[in-house]
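Analysis of the macromolecular model
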Amino acid sequence: MKCSSSLLFSVFLLQITFLRSGAQSLDTLQLQQVEVVASSAQDTDNLSVQKIDQAILKVNRINTIANLLQQNSIVFIKDYGPGSLATASFRGTTANHTQVLWNGVPVNAPNNGQVDFNRLPVFFVDEAQLARGAQSASQQGGFGGLIMLNNQSVFNEGFQLDLKQGVGSFNSLGSYADFSWSNNKVQLRTRIFRSSSENDFEYLNTAPIPAKKMKQQQADFVDKGVLQEFHWQKGQGILSFYSWHQWNDRNLPPIMTNLERGGNPKERQDDRFHRNILSYKSYWPKASLEFKAAWFAEFQNYFLRTTSNYGGYETVSLIESKNNLQFWQQEINFSQELGKHWTLETSTLIGRQTAFSTYYDSKKQRDQLALRLKMSYQDKKGSLLELGAHQDDTDGQLMAFSPFAHFSATIPGTERWQYAVGVSKNYHAPSLNDLYWYPGGNQNLMAEKALQADFSLRHEIRQQRYQIAITAGLYASRISDWIQWRPTAYRYWVPGNISMVFARGAELFLKAGFSHGKFRHSLHVNYAFTRTTDESPLAQIDNTQGRQLIYIPMHHANALYQLNFNDWQFSYTMVYTGERNTSLNENEFYGFALPAYTLHHGSLMKSWKHFSASLQLNNIFNKDYQAIRWRAMPGRNFAIALSYHFNSNH
Amino acid sequence: MKRFTFYLLVLIWLGTACTKLENDPTVPPDFLGNGFFVLNQGNFTSGNASLSFFSEDSVKMINNLFYKRNNAPLGDVAQSISFWDDEAFIVVNNSAYIYVIDAHTGHFKRKLTELNSPRFIQFVDANKAYISDFQLKGLFVFNPTTMQPLGIIETGKTTEAMVRVDNEVFVTNWSAYNNKSTNSTVQIINANLDQLIDSIVVAKEPNSIVVDKNKKIWVLCSGGFMNDEIPALFRIDPSGRNIEKRYNFPVLESSPEQLHINRAGDELYYLNGDVFNMHIDEDQLPATPVVRASGRNYSALAVHPDDQYIILSDAGNYVQNGWVYRFGRDGILIDSTQAGIIPGYIGFNH
């Protein structure tokens, strides 16, 4: 164990030495211009990374990231209802296999490995990207892919103010403010928001006898947050500080079968998180060097209290559980062009996760050391070869060596046909809950391992009045030692390295735009076909081999049509979610599969100089549906938003 | 432009072509005949509990009977089924209600809601029954004919399995959940006064209780879910309220449960991985099982009222349908059939 840590530490020192020598040879060069702004909205996606268009981000500015991804990507959002938990998964994997990076630092909670996307406001994000396949293998655990949420620094924009006020059905309110000031050296930006809803929507509850119309109970929430940014550009470097704080309080609604409980149960969860990143990036003509330090703290408090309807028993049941999670990480990233075509990128990071929990017998800690290397070759025709690997060390133990290779090029003899192939090997460490939860945690768990391959093809049609880009892809991944929690005879659940999952599928992305006169039309379509099955010997014994895993739809699609005319914008979204298994059984039982459903949403926006107003209509056809079995979902509902924008430079 | 229109049409097709309807379950014959119900717990907070019925006449299992009959789910975590006259009382633990169905058809008749965490029912007479509770430190009293709540008997401890001997109800205190008191006692309730009158200390987690032909009470204790104590079987004299015999299990790590007795009241059966059978006059626990687990994960046990066979349910991996096995009293397998998720309780309708 010590040997493996020493090995990684030696590599780390070597890198520092190399960086120093590299930096010394470059520091006399003068940069004409520092390019730090990420690609603009007009950039096309590459074959393995989908960037959500700025126009889409703008329309969804006061939505959650869960809504954004559900309606505009192939990511499948497992949504427990408005204001409740929403997790993301893609390519036939689970929420634990989706790594989420905020400005390059993972924000997955160390205790359960997940992110609640209903708590993340689009308002705090300037850029959202999804990396799939080999492109996601640079991070441990991203078997399905990476979701990258970034903030961008912008200079010389003077004073900017953006205010938004939303009001909607079920007493939903949202207030958002964005202040920014920048000159050619410094940018200061503060964003704050408060979002709340009673969520007391009416729905038909078919669980009780007789079925009855009910109002959703105990689903209200209040989320508040502030994001502070500071960027200082000096010479050839830029210093950035990001500080994101959020306070999320919500009641947890019971499932539809449990609404006739006595004892007036009160169940709620209050979460707080504080995320801070400090980075310094220095640029040379052919190299860059970045130091980054991150410190995150997260507090999760769960509360349940039941009473009795009969005298003498004020409190029948009381649970107050607390999780206190801390995470810090320091990393050095270096990029160096080698000759005309080659680029070397290295990254070394050291980090520590600490967790206190009511459900752990003591404080738990995990130390991580990681080294990442990538060599890329790009020729004049745009062909790109990327070869890389990461080697991690967790608590002194070397984890699986994780290499990846990705190649993309234009098909010879064509201009508008591109293809990409990728292969990768990756691992995913068990979460702290998997290891230490009492009772049930299993400290003998091994890391999950994935072997992945993908192929994609892209075709573009560009005419004077319209453009179409279609990307189609195939992928396959084999995940061994898949961790599964199963109930035991002792009435608690225990995780084990049980399954060998084979996930494969096809993806289709279509992006089109055309204009005539003052009308500009655009269309975005995302479709995912996913087959994901357990092929382990145990599944053979259980007779579940070949059956689709639970809550992973075989078909999932969404389409967004936007029409712009002068200062008007109209959007129409369709989201199709295919049938989902809720169990591995195969018989006529109603409870084993949730039916497919299609939701339709529309919005209309009008702008006047500094002001804009929008009307959003969700679930237009008042579809009665369940995303998760017996979790109530709202019917038709609306939201109105008013915005004011001021820029001193314009 | 034509290509664009084509892609648009493909999109519209994708949006509409894949919709599927819910499965239309087949409805079984109205009169079920003689047989036994299998109550499938389902998974906690999944709302997928279900009711199966095995017809002894047709030798077939009807799964998902409750939904087929009543067009509604059974609820979240079905716990136990008890019978009074021609009615079956189903306790649904996490939905915190009791559904009463016709024991010969499966049709819903009435319900009792607003409970806390109900576990089992013990009938006193046609107008009074007790419900044990996993959270409430007492017994809930109700009228099974009208489903009217009658109050609570305070016990100071949560309550589990029950038997009645004459006018006294013996209740085990199995769970330590949210409970500072010891979970190693059997409490005695006077069923006339609806009052706690005494208690007897046994071993940790008394999970099941039966009464034999001599009106002796047998209590099986698992020793704690973290194997805190040696598991033990106790014989109690209800008149003297004292322990007459204690049978210690040889292995601390074992977890015996599901104590049952035949209708004649002289043969005990229990699960301890395998299935064991002992006569009430034996001085030692049996060393050899009557049915071996053979890799199965037995979760419930029942003995045919006429001693014809033993029924065992297998919870399998707890996330997919379990199985029900019928064994002869000699331990030879008669047949097996699939039930629902975690078949956890078996009850005969005759």
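Being a predicted model, the structure only gives us computed values, none of them experimental. (Residues numbered from 1 in each chain as written. Chains lettered and ligands numbered in written order. Predicted model: local features only at pLDDT ≥ 70, side-chain atom pairs only at ≥ 80, totals over all residues.)

**Overview of the overall build of chain A**
Definition in use: Secondary structure elements are defined from DSSP: runs of H or I of at least 4 residues count as helices, runs of E of at least 2 residues count as strands, and each element is numbered from the N terminus. Only C-alpha atoms enter the radius of gyration, while the globule expectation follows 2.2 Å times N to the 0.38, with N the number of residues. Burial is judged by counting other C-beta atoms within 10 Å of a residue's own C-beta: 20 or more means buried, 12 or fewer means exposed, and anything between counts as partly exposed, with every C-beta placed from the backbone.
Secondary structure summary: chain A contains five helices and 34 strands in total. Its C-alpha atoms give chain A a radius of gyration of 25 Å, within 12% of the compact-globule value 26 Å for 650 residues. If one aligns the C-alpha atoms of chain A with their principal axes, the spans along those axes are about 80 × 65 × 50 Å. A total of 650 residues make up chain A; the buried ones form 43% of that total.

**As for the overall build of chain B**
As a reminder of what qualifies: Placing C-beta atoms from the backbone, we regard two residues as in contact once those atoms come within 7 Å.
Across its full length, chain B carries two helices and 27 strands. In terms of C-alpha radius of gyration, chain B reaches 22 Å, essentially the compact-globule figure of 20 Å for 350 residues. In terms of principal-axis extent, the alpha carbons of chain B reach across some 90 × 45 × 40 Å. Every one of the 350 residues in chain B was classed for burial, and the buried ones make up 47%. Considering only intrachain contacts with a sequence separation of at least 6, the fraction spanning at least 24 residues in chain B is 42%.

**Considering the environment of Lys58 of chain A**
Tracing the chain through its elements places Lys58 of chain A in helix α2 (residues 54-59). Along the chain, Lys58 of chain A and Asp126 of chain A lie 68 residues apart, while their C-alpha atoms are 9.4 Å from each other.

**Structural notes on the pairing of strand β23 (residues 298-303) of chain B**
Two faces belong to every sheet, and in a regular strand the side chains alternate between them. Residues and elements named next belong to chain B. So the rule is basically this: Strands pair, by our definition, only if DSSP identifies at least two bridges between them.
Across the six residues that make up β23, a large majority, six, are buried. Where β23 lies against strand β24 (residues 309-314), five bridges are found, and the strand directions are antiparallel. What sits directly across from Ala300, in β24, is Ser313. Counting the residues in the hairpin turn of β23 and β24 gives five residues, including Asp307, whose phi is positive at 60°.

**As for the confidence of the model for chain A**
All names here are of chain A. Basically, it comes down to this: Per-residue confidence from the predictor is given as pLDDT, running between 0 and 100.
Mean pLDDT over chain A stands at 89; residues scoring 70 or higher make up 91%. Ranking the elements of chain A by mean pLDDT puts helix α1 (residues 2-26) last with 42 and strand β10 (residues 186-197) first with 98. Under a pLDDT of 50 for its full length, residues 1-44 has, in the predicted model, 50 contacts with residues more than four places off or in other chains.

**Some details on the nonpolar core**
The condition is simple: The term nonpolar core refers to a set of buried Ala, Val, Leu, Ile, Met, Phe, Trp, Tyr and Cys residues connected through C-beta atoms within 7 Å.
Counting residues in hydrophobic clusters, the biggest one holds 88 residues, and the most contacted among them are Ile90, Ile209 and Val219 of chain B. Here Val219 of chain B is in contact with Thr172, Val186, Val202, Pro206, Ile209, Phe234 and Ile236 of chain B, once residues within four sequence places are set aside. Counting residues in hydrophobic clusters, the runner-up holds 69 residues, among them Trp102, Ala109, Leu149 and Tyr527 of chain A.

**Description of helix α3 (residues 65-72) of chain A**
Residues spaced three or four apart along an α-helix point in a common direction, a consequence of the helix completing one turn every 3.6 residues. When you tally the buried positions in α3 of chain A, you get eight out of eight residues, the bulk of the element. Residues of α3 of chain A that are buried: Ile65, Ala66, Asn67, Leu68, Leu69, Gln70, Gln71 and Asn72 of chain A.

**Focus: unusual backbone geometry**
Here the amide bond leading from Ile209 of chain A into Pro210 of chain A is cis, since omega sits at -5°, within 30 degrees of zero. Inspection of the secondary structure assignment puts Pro210 of chain A in the loop between β11 (202-205) and β12 (212-215). With an omega of 0°, the peptide bond running from Tyr438 of chain A to Pro439 of chain A counts as cis. Tracing the backbone shows Pro439 of chain A in the loop between α4 (432-436) and β24 (448-462). Not every positive phi belongs to a glycine, and Asn199 of chain A is a case in point at roughly 55°. Residue position: Asn199 of chain A is located in the loop between β10 and β11. Positive phi, normally seen in glycine, also occurs at Lys215 of chain B, with a value near 60°. Positionally, Lys215 of chain B belongs in the loop between β16 (206-211) and β17 (217-221).

**Topic: the confidence of the model for chain B**
Residue and element names in this part refer to chain B. Per-residue pLDDT for chain B averages 90, and the proportion of residues at 70 or more is 92%. pLDDT under 50 marks residues 1-25. Its contacts with residues more than four places away, or in other chains, come to 37 contacts. As scored by the predictor, the complex reaches a pTM of 0.88 and an ipTM of 0.87.

**Things to note about the pairing of strand β14 (residues 185-190) of chain B**
All names here are of chain B. Buried residues dominate β14, accounting for five of its six residues. As judged from the six bridges shared by strand β13 (residues 168-173) and β14, these two strands associate in the antiparallel manner. When the bridges of β14 are listed, Val169 appears paired with Ile189. With six bridges joining them, β14 and strand β15 (residues 195-201) adopt antiparallel strand pairing. By the bridge assignment for β15, Thr185 is matched with Val201.

**A word on the sheet that holds β16 of chain B**
Residues and elements named next belong to chain B. Heads up, the condition is: Under this scheme, a helix contributes an axis fitted over its contacting stretch, all axes are lines through C-alpha atoms, and angles between N-to-C directions fall in the 0 to 180 degree range.
Strand order in this open sheet of four strands is β16-β17-β18-β19, and the pairing throughout is antiparallel. Whereas interior strands pair on both sides, the edge strands pair on one side only; in this sheet they are β16 and β19 (242-248). For this sheet, the mean inter-axis angle between neighbouring strands, taken without regard to orientation, is 20°.

**Comments concerning the sheet that holds strand β20 (residues 257-261) of chain B**
Residue and element names in this part refer to chain B. Taken in spatial order, the three strands make up an open sheet running β20-β21-β22, and their pairing is antiparallel. Either end of the sheet is taken by a strand with one partner, and the two such strands are β20 and β22 (274-279). The mean inter-strand angle of the sheet, taken between neighbouring strand axes irrespective of direction, is 20°. Bridge count between strand β21 (residues 267-272) and β22: six bridges; the pairing is antiparallel. In the sheet register, Asn272 faces β22, and the bridge partner there is Asp274.

**Looking at the environment of Gln545 of chain A**
All names here are of chain A. Structurally, the position occupied by Gln545 is in the loop between α5 (537-542) and β28 (555-565). Since 17 C-beta atoms lie within 10 Å of it, Gln545 is described here as partly exposed. Distance from Gln545 to Ile65, taken between C-alpha atoms, is 34 Å for residues 480 residues apart in sequence. Setting aside its immediate chain neighbours within four residues, Gln545 contacts Thr533, Asp534, Glu535, Ala539 and Gln540.

**Some words on the environment of Val494 of chain A**
All names here are of chain A. Following the sequence through the fold, Val494 ends up in strand β26 (residues 493-516). C-beta crowding within 10 Å serves as the criterion here: with 16 such atoms nearby, Val494 is assigned to the partly exposed category. On a C-alpha basis, the gap between Val494 and Tyr438 in space is 9.6 Å, while along the polypeptide they are 56 residues apart. Look past the residues within four positions of Val494 in its chain and what remains in contact with it is Gly440, Asn442, Trp485, Arg486 and Thr488.

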